[in-house]
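Chain residues, written in single-letter form:
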Amino acid sequence: MSSPTRSRPAIEVDVVMRREPVSGPMSRWQAWRWVLADVMVHSDPDETGPAPEHESHEPQAVEPVDTQGVDAQATHWLFPRFRVELFRDDAEGYFLNLNSPNPCFWVFWRADEARLLDGEPMAVPQIVTLSYHDAGRWLDAQERVDQVAAPDEVVGWLRAFVDTTYQPEPKRRKRPDSFKPLTDRFGQPVRISTSKLRGGGPPGE
């Protein structure tokens, strides 16, 4: 009997988005904006089971614990249970995250025309990642990506995975210039003859 497929390391997180009023001149064109408020661990690696076939991220309004510096008109919305998996072939992306000044979660989100709040689209998270490469690809594609610092326990979990999976590619030695092939002014290889000229004439005379 074949052994069951080993699942990838994973945790589940809840994403909190904040809708806040825009101040200053920009408010003439945009009254509200959405920002990533927090990413909270829902279940640690030992508690996270296999990925369900259908996972609901139905948002719910929540009250933040810390409201210091937050506009009184702002509202917070929690989107539960996003799965964050670690892939062996993306170990470099996690390594780069760990070696940044502030290791973080990245959240890719979109304005959802099917979910309206006061007649305006809600900001709905799509994917949460710990990979620097994932975030870079999304930003290159002009997607909306926000980040928030990862807690110490997540950083430690990520570091343990990187320590066992990441192997930097060996640096290639630069070939000295003296070993570069000679070419003529047309870019064609130059053949060097080692035969000696005798009597000042061409070889063979």
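Asks: Give me the lowdown on the side chain of D134, citing residues and values where you can.
Replies: Among the structural elements, D134 can be located in helix 2 (residues 132-140). Relative accessible area serves as the criterion here: at 18%, D134 is assigned to the buried category. Within the structure, the side chain of D134 is placed 2.8 Å from the side chain of T129, a separation counted as a polar contact. Those residues within four positions of D134 in sequence are excluded, and the remaining contacts are D90 and T129.

Asks: Please provide a residue-by-residue account of the pattern of salt bridges, values included.
Replies: In total, this model carries 11 salt bridges according to the counting rule given. One salt bridge in this structure joins R19 and D118, with 3.4 Å as the shortest N-O distance. Within this pair, whereas R19 is found in strand 1 (residues 10-21), its partner D118 is found in the loop between strand 5 (104-117) and strand 6 (120-129), the two being separated by 99 residues in sequence. Using a relative accessible area of 4% as the deciding quantity, one classes R19 as buried. Overall, D118 belongs to the exposed group, its relative accessible area being 66%. Here E85 ties to R83 by a salt bridge, and the two come within 3.0 Å at their closest N and O atoms.

Asks: Residues and numbers for the pairing of strand 4 (residues 75-85), please.
Replies: The sheet contact formed by strand 1 and strand 4 spans 9 bridges and is antiparallel. Pairing of V13 across the sheet is with F82, part of strand 4. As paired elements, strand 3 (residues 60-62) and strand 4 share 3 bridges and run antiparallel to each other. Residue V62 lies in a different strand from strand 4, and its bridge partner there is H76.

Asks: For the confidence of the model for the protein, give the residues involved together with the corresponding values.
Replies: Predicted confidence across the protein gives a mean pLDDT of 84, with 79% of residues reaching 70 or more. When mean pLDDT is taken per element in the protein, helix 1 (residues 91-98) scores highest with 98 and strand 3 scores lowest with 87. A low-confidence stretch, residues 1-5 (pLDDT under 50), is modelled with 0 contacts involving residues beyond four sequence positions or located in other chains.

Scoring rules and cut-offs
Residues numbered from 1 in each chain as written. Predicted model: local features only at pLDDT ≥ 70, side-chain atom pairs only at ≥ 80, totals over all residues. Heavy atoms only, no water. Helix = DSSP H or I, 4+ residues; strand = E, 2+ residues; numbered from the N terminus. Buried < 20%, exposed > 50% of the residue type's maximum accessible area, 1.4 Å probe, protein only. Polar contact = N/O pair within 3.5 Å; in protein donor to acceptor, adjacent residues only side chain to side chain. Contact = heavy atoms within 4.5 Å. Salt bridge = Lys/Arg side-chain N within 4 Å of Asp/Glu carboxyl O. Pairing = 2+ DSSP bridges. pLDDT = per-residue confidence, 0-100.

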